[in-house]
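Coordinate inspection notes
For reference, the chains in residue letters:
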Amino acid sequence: MTETSRNMAQESGQPGRIGIGLELDATHLKILEVLRDNGRISVAALAERVGISRANAYTRFEALRADGAIKRFTAEIDHVRAGLGITALIFVTVRQQMWRQFRAQLAQMPEVEYCAITTGQHDAMIQVRVTDVAAVHTMVTDRLANIPAVKATETVFILDEVLRRPYVLPSDRGPGRSPRRPAPDPGATGSTGEEVPLGKMRFVGAAEGRAQLQRDV
């Protein structure tokens, strides 16, 4: 263990080594909370906001970066002012033996901001930002539809982005609150005798090929 990581372990009360399984404590989470509001804050100001010494703040900040808890810093832009006023979600059903082709083709589409493999009726969800509705239509009908790996698509336009956070943290829930709530059994009742409301999320097991796609990423 290096001298820096030893000092961190003593100060936090928890074991951890820079770059190798750093265990986040309340101070680490507070640093991440402050950086969420201002990623360009100075180390001196960060230390003051968190309530620790400047040396401690610098050590912990560098440890978060080395460990990979902080992946990178970037700018958050106003997409409308940048000329991308239309946002859409495109749900894609993929032919199960052609995941690799689907991923390769998607990487060639610069308007794709985000793609995730999903459960449910479709296999993947793509978020795109474009200049107008016609651009979405062109992408779906002329580009996605011509990819042999794509079996079907469903497009949903986003009317308003009500809430967008850079990231969420376990500490956002506040002290004493359980991070998870066990899923109730179907037909279960609460303490008042009323039925416990269930969500409408339907789970469909991952089809063959999705696991391989995740390994390829």
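All values reported here derive from a predicted model rather than from experimental measurement.

**Topic: the packing of aromatic side chains**
We describe a pair of aromatic rings using the distance from one ring centre to the other and the angle between the two ring planes. Scanning all chains against the criterion turns up 2 aromatic pairs. Look at Phe61 and Phe73: their rings are 6.0 Å apart centre to centre, the planes differ by 40°, and that puts the pair in the tilted class. Taken together, the residues span a long stretch of sequence, with Phe61 in helix 4 (residues 54–67) and Phe73 in the loop between helix 4 and strand 1 (86–94) at a distance of 12 residues. We classify Phe73 as partly exposed; its relative accessible area is 43%.

**Concerning the layout of surface pockets**
If you add up the space inside the largest pocket, you get close to 1,400 Å³. Considering the residues around the largest pocket, the lining is formed by 38 residues, among which Thr74, Ala75, Glu76, Arg165 and Pro166 are closest to the centre. Sorting the residues of the lining of the largest pocket by element identifies helix 2 (26–37), strand 1, strand 2 (112–117) and strand 3 (124–130) as the ones contributing at least two each.

**A closer look at the side chain of Asp25**
By secondary structure assignment, the location of Asp25 is in the loop between helix 1 (3–12) and helix 2. Judged by relative accessible area, Asp25 falls into the buried class, the value being 9%.

**Regarding the pattern of salt bridges**
Applying the stated rule across the entire model yields 8 salt bridges. Between Glu33 and Lys30 there is a salt bridge, with the nearest N and O atoms lying 3.9 Å from each other. Here Glu33 and its partner Lys30 are both found in helix 2, 3 residues apart, which amounts to about one turn of the helix. The network of salt bridges with shared partners includes Glu113, Arg129, Glu161 and Arg164.

**Overview of the confidence of the model for the chain**
Confidence in the prediction for the chain averages 81 pLDDT; 71% of positions are at 70 or higher. Across residues 1–18, confidence stays below pLDDT 50; counting only partners more than four residues off in sequence or on other chains, it has 32 contacts. This stretch, residues 188–204, has a pLDDT under 50; its non-local contacts, to residues over four places away or in other chains, come to 16 contacts.

**Considering the sheet that holds strand 1**
Judged by pairing direction, the sheet is antiparallel, and its 4 strands sit side by side in the order 2-3-1-4 without closing on themselves. Bordering the open sheet on either side are strand 2 and strand 4 (150–157), each of which pairs with just one other strand. This sheet shows a mean twist of 20° between the axes of neighbouring strands, independent of strand direction. Lying over the sheet, helix 5 (residues 99–106) contacts strand 1, strand 2, strand 3 and strand 4, oriented at roughly 165° with respect to strand 2.

**A few points about the environment of Asp37**
Relative to the helices and strands, Asp37 resides in helix 2. The exposure class of Asp37 is exposed, given its relative accessible area of 61%. Distance in space between the C-alpha atoms of Asp37 and Arg165 is 9.9 Å, their sequence separation being 128 residues.

**Overview of helix 4**
Under the 1.5 Å per step criterion, the end-to-end length of helix 4 is 20 Å for 14 residues, consistent within 8% with the ideal 20 Å. The complete set of buried residues in helix 4 reads Asn56, Ala57, Arg60, Phe61, Ala63 and Leu64. Buried residues along helix 4 cover an arc of 160° about the axis, so they all sit on one side. Set apart from the buried face of helix 4 by more than 90 degrees, the exposed residues are Arg54 and Ala55.

Rules used throughout
Residues numbered from 1 in each chain as written. Predicted model: local features only at pLDDT ≥ 70, side-chain atom pairs only at ≥ 80, totals over all residues. Heavy atoms only, no water. Phe/Tyr/Trp six-rings, centres within 6.5 Å; stacked < 30°, edge-to-face > 60°. Helix = DSSP H or I, 4+ residues; strand = E, 2+ residues; numbered from the N terminus. Buried < 20%, exposed > 50% of the residue type's maximum accessible area, 1.4 Å probe, protein only. 1 Å grid on protein atoms, 1.4 Å probe; cavity = no way out; pocket = protein on both sides within 12 Å on 5 of 7 lines; lining within 4 Å. Points joined across faces, edges and corners; volume = space filled by probe spheres on them. Salt bridge = Lys/Arg side-chain N within 4 Å of Asp/Glu carboxyl O. pLDDT = per-residue confidence, 0-100. Contact = heavy atoms within 4.5 Å. Pairing = 2+ DSSP bridges. Axes fitted to C-alpha atoms, helices over the stretch in contact; angles between N-to-C directions. Expected span 1.5 Å × (residues − 1). Arc of directions from axis to C-beta.

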